[in-house]
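Here is how the chains run, residue by residue.
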Amino acid sequence: VQLVESGGGLVQAGGSLSLSCADSNRTFSLYSMGWFRRAPGKEREFVAAITLSAGRTYYADSVKGRFTISRDNAKNAVNLQMNSLKPEDTAVYYCAADREYSGNYYYTTGVYDYWGQGTQVTVSS
């Protein structure tokens, strides 16, 4: 599995950005994929996740109602549409993939088997 991210960049507060992440190798079947982010001086935190089969979605409270995660099963890919962006959304965003069902631990970094290289999102005030 090799996760390749695209999107990100610089946007003004209130604007929108879209991130995409695809498994370029498609070597293994995946159970879920998600996004995490790390702001300067902070720990990596959960943003959103989706199960690839059922399409069940999960969101951090801080992004609920503003971000939408979706999947493209044919490509083993996920997208993250980010609307109403705030300066506090500024971070490096990482795509992650989990090969197995992890119950209610989708929000923890430890259950994910694969990670992308990260893409910068900067929201100016």
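Residues numbered from 1 in each chain as written. Predicted model: local features only at pLDDT ≥ 70, side-chain atom pairs only at ≥ 80, totals over all residues. Heavy atoms only, no water.

1. Looking at the pairing of strand β11 (residues 119–124)
- In β11, alternate side chains face the same way, and those of Thr119, Val121 and Val123 are buried while those of Gln120, Thr122 and Ser124 on the opposite face are not.
- When strand β2 (residues 9–12) meets β11, the two strands line up parallel, connected through four bridges. Looking at β11, one finds that Val11 is bridged to Val123.
- Both strand β9 (residues 91–98) and β11 contribute to a ladder of three bridges, which runs antiparallel. Of the residues in β11, the one forming a bridge with Val92 is Gln120. (Buried < 20%, exposed > 50% of the residue type's maximum accessible area, 1.4 Å probe, protein only. Helix = DSSP H or I, 4+ residues; strand = E, 2+ residues; numbered from the N terminus. Pairing = 2+ DSSP bridges.)

2. Quick notes on the state of the cysteines
- Tallied over the entire structure, the rule returns one disulfide.
- Two residues share a disulfide in this structure: Cys21 and Cys95, whose sulfurs sit 2.0 Å from each other. Its S-S torsion of about -80° marks the bond between Cys21 and Cys95 as left-handed, since a negative value means left-handed. Taken together, the residues Cys21 in strand β3 (residues 17–23) and Cys95 in strand β9 connect sequence positions 74 residues apart. Exposure class is identical for Cys21 and Cys95. Each is buried. (Disulfide = S-S within 2.5 Å.)

3. Some points on the nonpolar core
- Membership of the largest hydrophobic core comes to 34 residues, with the highest contact counts inside it found for Met33, Trp35, Leu80, Met82 and Tyr93.
- For this core, the secondary-structure elements that each account for two or more residues are β3, β4 (32–38), β5 (45–51), β7 (67–72), β8 (77–82), β9 and β11. (Core = buried A, V, L, I, M, F, W, Y, C linked by side-chain atoms within 4.5 Å.)

4. Comments concerning the layout of surface pockets
- By volume, the largest pocket is sized at about 170 Å³.
- The wall of the largest pocket is formed by 15 residues, among which Tyr31, Thr51, Tyr58, Tyr101 and Gly103 lie closest to the centre.
- Classifying every residue of the lining of the largest pocket by side-chain character gives eight nonpolar, five polar and two charged. (1 Å grid on protein atoms, 1.4 Å probe; cavity = no way out; pocket = protein on both sides within 12 Å on 5 of 7 lines; lining within 4 Å. Points joined across faces, edges and corners; volume = space filled by probe spheres on them. Nonpolar A, V, L, I, M, F, W, Y, C, P; charged D, E, K, R; others polar.)

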